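Analysis of the macromolecular model
What follows is each chain in one-letter form.
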Amino acid sequence: MTTDNKIMSQPKIGIIMGSKSDLPVMQDAADVLNELGVDYEITVVSAHRTPDRMFTYAREAAGRGIKVIIAGAGGAAHLPGMVASLTHLPVIGVPVKSSNSIDGWDSILSILQMPNGIPVATVALNAAKNAGILAAQIISTADEQVVKNLIAFKESLKKKVEESAEEMKTGK
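What comes next is a walk through the structure. The model shown is predicted, which means the values in this text are computed figures rather than measured ones.

Turning our attention to the side chain of serine 46. Mapped onto the elements of the fold, serine 46 is located in the loop between strand S2 (40-44) and helix H2 (51-60). The exposure class of serine 46 is buried, given its relative accessible area of 5%. Of note is the side chain of serine 46, whose polar atom sits 3.3 Å from the backbone nitrogen of histidine 48. Excluding residues that lie within four positions of it along the chain, serine 46 makes contacts with Met17, Gly18, Pro51 and Met54.

As structure tokens, then:
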């Protein structure tokens, strides 16, 4: 399947962002999905500048095999909530601290404070990596290979902490 920025066999995760300026943050989601062996697509979909594109993306994602959408946005950050209102798929919002942001709080609150009935899972400011991990965990409920990859990933995190603790203990 071809997307605007990446060719994948059968993407299960859609990574979208309000503007290309969000890519340095959102790339972390793509990187961790690569590490976990989960196919994804990545593109720009602006709730404010390209609402028709957003409507089409949200309404057609499930039919194209997408299982989870990660939506990053800064400032007013309407993208995750608007996409969630248009699809039955889980949407994970990534608040992005952008140049027009109020220390990121506007983005956090815009994504976090969704009305009942339109949930958006929300990760910390600029935490696209956690959004990628969460999306992979959702996918893992129906994919045993992703389960194995997540277990290995979490074991590597554990090993890094144990190595750091040992280094501090021995003074290395």
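On the surface, Glu155, Glu162, Glu163, Glu166 and Glu167 cluster together to form a negatively charged patch. Structurally, the position occupied by glutamate 166 is in helix H6 (residues 144-170). Overall, glutamate 166 belongs to the partly exposed group, its relative accessible area being 40%.

Attention now moves to the pattern of salt bridges. Applying the stated criterion across every chain yields a total of 3 salt bridges. One salt bridge in this structure joins glutamate 41 and arginine 64, with 2.8 Å as the shortest N-O distance. Remark: arginine 64 occurs in the loop between H2 and strand S3 (68-74) and glutamate 41 occurs in strand S2; sequence separation between them is 23 residues. Of the residues examined, arginine 64 reaches a relative accessible area of 23% and is grouped as partly exposed.

The rules we used
Residues numbered from 1 in each chain as written. Predicted model: local features only at pLDDT ≥ 70, side-chain atom pairs only at ≥ 80, totals over all residues. Heavy atoms only, no water. Helix = DSSP H or I, 4+ residues; strand = E, 2+ residues; numbered from the N terminus. Buried < 20%, exposed > 50% of the residue type's maximum accessible area, 1.4 Å probe, protein only. Polar contact = N/O pair within 3.5 Å; in protein donor to acceptor, adjacent residues only side chain to side chain. Contact = heavy atoms within 4.5 Å. Patch = residues over 30% accessible without salt bridge, like charges linked within 9 Å, V, L, I, M, F, W, Y side chains within 5 Å. Areas by Shrake-Rupley, 256 points an atom, 1.4 Å probe, with all protein chains shown as cover. Salt bridge = Lys/Arg side-chain N within 4 Å of Asp/Glu carboxyl O. Lys, Arg positive; Asp, Glu negative; His and termini not counted. Charge placed at Lys NZ, Arg CZ, Asp CG, Glu CD.

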